[in-house]
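# Residue-level structural notes
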Amino acid sequence: MPSKADEIRAYALERYVRPWRDGGGTRLAIRAGDVVRGMGLHNATPNVCSSLEGRKFQQDAGIVLVSREGPLRSTTTTFHYETASASPYVPAYPPKSPKPGPDRRFPRNRFPHSASDERWRSADLCLVSCVSAKQSAPAKAKDLYVSAWFRKARTCIEPLGCPWYILSAKHGLLDPDAVIDPYEETLNAMPADRRRTWAHGVIEDLAPRLSGVGAVTVFAGMAYREFLEAELRGRGLELYVPMQGLRIGQQLSWLSAQAGS
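Below is a short write-up of the structure. Because the structure is a prediction, the values reported are computed rather than measured.

## Focus on the packing of helix α1 (residues 4-22) against helix α2 (residues 32-39)
In the contact formed by α1 and α2, the axes pass within 11 Å of each other and the chain directions differ by 100 degrees. On the basis of their axis angle, the class for α1 and α2 is roughly perpendicular. When α1 is examined against α2, the residues E7, I8, Y11 and Y16 are found in contact with a partner set consisting of D34, V35, G38 and M39. Grouping the constituent residues of the contact of α1 with α2 by class yields 5 nonpolar, 1 polar and 2 charged.

## As for the pairing of strand β6 (residues 164-168)
Burial runs high along β6: 5 of the 5 residues are buried. Side-chain alternation along β6 places W164, I166 and S168 on one buried face and Y165 and L167 on a second face that is also buried. Judged from the 4 bridges that link them, strand β4 (residues 125-129) and β6 form a sheet pairing that is parallel. Bridge pairing links C126 to W164 in β6. Both β6 and strand β7 (residues 172-174) contribute to a ladder of 3 bridges, which runs antiparallel. Along β7, the bridge assignment pairs S168 with G172. Here β6 hands over to β7 after 3 residues, the two strands then running antiparallel side by side.

## Remarks on the packing of helix α7 (residues 148-157) against helix α11 (residues 248-259)
Across the interface, α7 lies against α11 with an axial gap of 9 Å and an inter-helix angle of 30 degrees. By the angle between their axes, α7 is roughly parallel relative to α11. Crossing handedness for the pair α7 and α11: left-handed. Seen from α7, the contacting residues are A148, W149, K152, A153, T155 and C156; seen from α11, they are I248, Q251, L252, L255, S256, Q258 and A259.

## Some points on the pattern of salt bridges
Summed over all chains, the structure comprises 16 salt bridges. Measuring nitrogen to oxygen at the nearest pair gives 3.4 Å for the salt bridge that ties E82 to R27. You can see E82 sitting in strand β3 (residues 78-83) and its partner R27 sitting in strand β1 (residues 27-31), a full 55 residues away along the chain. One salt bridge connects D143 with R154, and the closest N-O pair in it is separated by 2.8 Å. With D143 in helix α6 (residues 141-144) and R154 in helix α7, this pair connects stretches of sequence that are 11 residues apart. Taking relative accessible area as the criterion, D143 reaches 31% and is therefore assigned partly exposed. Members of the salt-bridge network, linked through shared partners, are R68, E118 and R121.

The rules behind these values
Residues numbered from 1 in each chain as written. Predicted model: local features only at pLDDT ≥ 70, side-chain atom pairs only at ≥ 80, totals over all residues. Heavy atoms only, no water. Axes fitted to C-alpha atoms, helices over the stretch in contact; angles between N-to-C directions. Helix = DSSP H or I, 4+ residues; strand = E, 2+ residues; numbered from the N terminus. Parallel < 35°, antiparallel > 145°, perpendicular 65-115°, else oblique. Contact = heavy atoms within 4.5 Å. Nonpolar A, V, L, I, M, F, W, Y, C, P; charged D, E, K, R; others polar. Buried < 20%, exposed > 50% of the residue type's maximum accessible area, 1.4 Å probe, protein only. Pairing = 2+ DSSP bridges. Left-handed = near helix turned anticlockwise from the far one by under 90°. Salt bridge = Lys/Arg side-chain N within 4 Å of Asp/Glu carboxyl O.

Limitation: the analysis is restricted to geometry and does not speak to function.
Printed below as a string of structure tokens:
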């Protein structure tokens, strides 16, 4: 029996994608509320949004999600796609240059190109780095790290419904539900040879979990990504690093925008 997500994807294909392709278009917009009303659904907006931004829908439709407009999970959320073969990528809403000055802000439509790309949401697996701010007692890893950055990243990742893991400077690849003690260790202070060894261990632990994975989203700085990126791409995986190039203040603003806060 098809799941509700299967039914949503099938409806969107028949109602929006196929007519759009028959018309020869290159860009497509689907509003979550239109799908909810068209299917006569109730309390299903989060499921509709997850289905429309999911990798399976994009693969079945031969399209790529390039931007999301509106709140994270709302009837007004609108997903913008282009044909999968379209190249080069041009965002549906090109970011504007922020005004100069020490107090400049970075609202949703003013992030650099890479941070405007919504394709990170279609990943099959997510990796997020550990942070220095931690609880003082043992806890599940996902609860041990208490910085605003980590909490916002978790808020963005968990609604995607895909597996995610923490890149721990001490433990390597860490399951979010694993209970660990607080520790003081960071890759930012490690020499390159130790970071390379750490990355090798992460890849070894990650390898059994890559079955069926085609794309990975990474929320981590260069110290954590440096020796992982080539390994992941070498395994044929598509890699999304949406916050690449953003300073910490911009990252916090970006994460807040993605989480709809």
